[in-house]
Amino acid sequence: MAQSSPQQVGPSSSGATLAEMDKLLTDEEVERLIDASLSARLNAYCPYSKFQVGAALLAKDGTIIRGCNVENISYGLTICAERTAVCRAVAEGQRKFRAIVITAEMGSRFVGPCGACRQTLVEFGLDWEVYLATPDKRYMKTTVGKLIPDSFNPEWVTLGERQEG
């Protein structure tokens, strides 16, 4: 049964060790993103795992882009909700993001992005917010940088220049 309003969870015994209480979004923005993520989750194509995941990406201009996981019988071709949302955003001309909400159901645990999704999020910055949510609207807030510390990111690469040495 879904709660009427989101409930933030901080660092606690529930395993939310990367959680941070301070957030840049308003409570209304978080709720709107959670609702969009829950809605996207309903569209998940997951006939093999039955594991529905939804994502809602908030672009700098306020646009919300939804994504869901899309499985494939050739499992390696499956695309996660987070990457679906990022690809849709890029296709719509968005490159700057404020936050993403990822919603999945795994009991009392929060489901974080897989490694490929974390690296995809890093492509667009380290400081933007990540909200991991459950269908009952409990959530924890972290950042891309906390999810993938010491990441390989675009700032490390100098295209067209060769390192001497």
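The structure displayed is predicted, hence computed values, not measured ones. (Residues numbered from 1 in each chain as written. Predicted model: local features only at pLDDT ≥ 70, side-chain atom pairs only at ≥ 80, totals over all residues. Heavy atoms only, no water.)

### Quick look at the pattern of salt bridges
Consideration 1: Here the structure, examined in full by the defined rule, presents seven salt bridges.
Consideration 2: The salt bridge partner of Asp27 is Lys23, with a shortest N-O separation of 2.9 Å.
Consideration 3: By relative accessible area, Lys23 is classed as partly exposed at 24%.
Consideration 4: The shortest N-O distance in the salt bridge between Lys141 and Glu129 comes to 3.6 Å. You can see Lys141 sitting in strand 6 (residues 138-143) and its partner Glu129 sitting in strand 5 (residues 129-133), a full twelve residues away along the chain. Of the two residues, Lys141 and Glu129, both sit in the buried class.
Consideration 5: Salt bridges linked by common partners bring Glu31, Asp35 and Lys137 together as one network. (Salt bridge = Lys/Arg side-chain N within 4 Å of Asp/Glu carboxyl O. Buried < 20%, exposed > 50% of the residue type's maximum accessible area, 1.4 Å probe, protein only. Helix = DSSP H or I, 4+ residues; strand = E, 2+ residues; numbered from the N terminus.)

### Re the UniProt feature "binding site: substrate" (unreviewed entry) in the chain
Consideration 1: Mapped onto the present numbering, the UniProt feature "binding site: substrate" (unreviewed entry) falls on Asn69, Val70, Glu71, Asn72, Ile73, Ser74 and Tyr75.
Consideration 2: Tracing the backbone through its elements, the reader meets Asn69 in the loop between strand 3 (64-68) and helix 2 (81-91).
Consideration 3: Exposure remark for Asn69: the relative accessible area of 6% places this residue in the buried category.
Consideration 4: Positionally, Ser74 belongs in the loop between strand 3 and helix 2.
Consideration 5: Relative accessible area serves as the criterion here: at 40%, Ser74 is assigned to the partly exposed category. (UniProt positions renumbered as here; feature names shortened; annotations may be inferred.)

### Comments concerning the packing of aromatic side chains
Consideration 1: Under the defined criterion, the tally for this structure stands at four aromatic pairs.
Consideration 2: Note on Phe97 and Trp128: the rings are 5.4 Å apart at their centroids and 40° apart in plane angle, and the pair reads as tilted. Of this pair, Phe97 sits in strand 4 (residues 97-104) while Trp128 sits in the loop between helix 3 (115-122) and strand 5, placing them 31 residues apart in sequence. In this pair, the class of Phe97 matches that of Trp128, namely buried. (Phe/Tyr/Trp six-rings, centres within 6.5 Å; stacked < 30°, edge-to-face > 60°.)

### What to know about the pairing of strand 2 (residues 53-59)
Consideration 1: With seven of seven residues buried, strand 2 lies mostly within the body of the structure.
Consideration 2: Of the two faces of strand 2, both are covered, the one formed by Val53, Ala55, Leu57 and Ala59 as well as the one formed by Gly54, Ala56 and Leu58.
Consideration 3: Of the strand pairs in this sheet, strand 2 and strand 3 are connected by five bridges, and their pairing is antiparallel. When the bridges of strand 3 are listed, Ala56 appears paired with Arg66.
Consideration 4: Hairpin connection of strand 2 to strand 3: four residues between the antiparallel strands, including Gly62 at a positive phi of 95°. (Pairing = 2+ DSSP bridges.)

### Brief notes about the environment of Gly67
Consideration 1: Structurally, Gly67 is set in strand 3.
Consideration 2: Taking the relative accessible area as the measure of exposure, Gly67 reaches 4% and is therefore buried.
Consideration 3: Remark: the alpha-carbon pair of Gly67 and Ser39, spanning 28 residues in sequence, is separated by 9.5 Å.

### A word on the nonpolar core
Consideration 1: The biggest cluster of nonpolar side chains holds 25 residues, and the ones touching the most others in it are Leu57, Ile100, Trp128, Val130 and Val144.
Consideration 2: Elements supplying a minimum of two residues to this core: strand 2, helix 2, strand 4, helix 3, strand 5 and helix 4 (144-147).
Consideration 3: Setting aside residues up to four positions removed in sequence, Ile100 forms contacts with Ala55, Ala56, Leu57, Glu82, Leu121, Trp128, Glu129, Val130 and Tyr131.
Consideration 4: Leu25, Val30, Ala36 and Ala99 belong to the second-largest nonpolar core, a separate cluster that totals 13 residues. (Core = buried A, V, L, I, M, F, W, Y, C linked by side-chain atoms within 4.5 Å. Contact = heavy atoms within 4.5 Å.)

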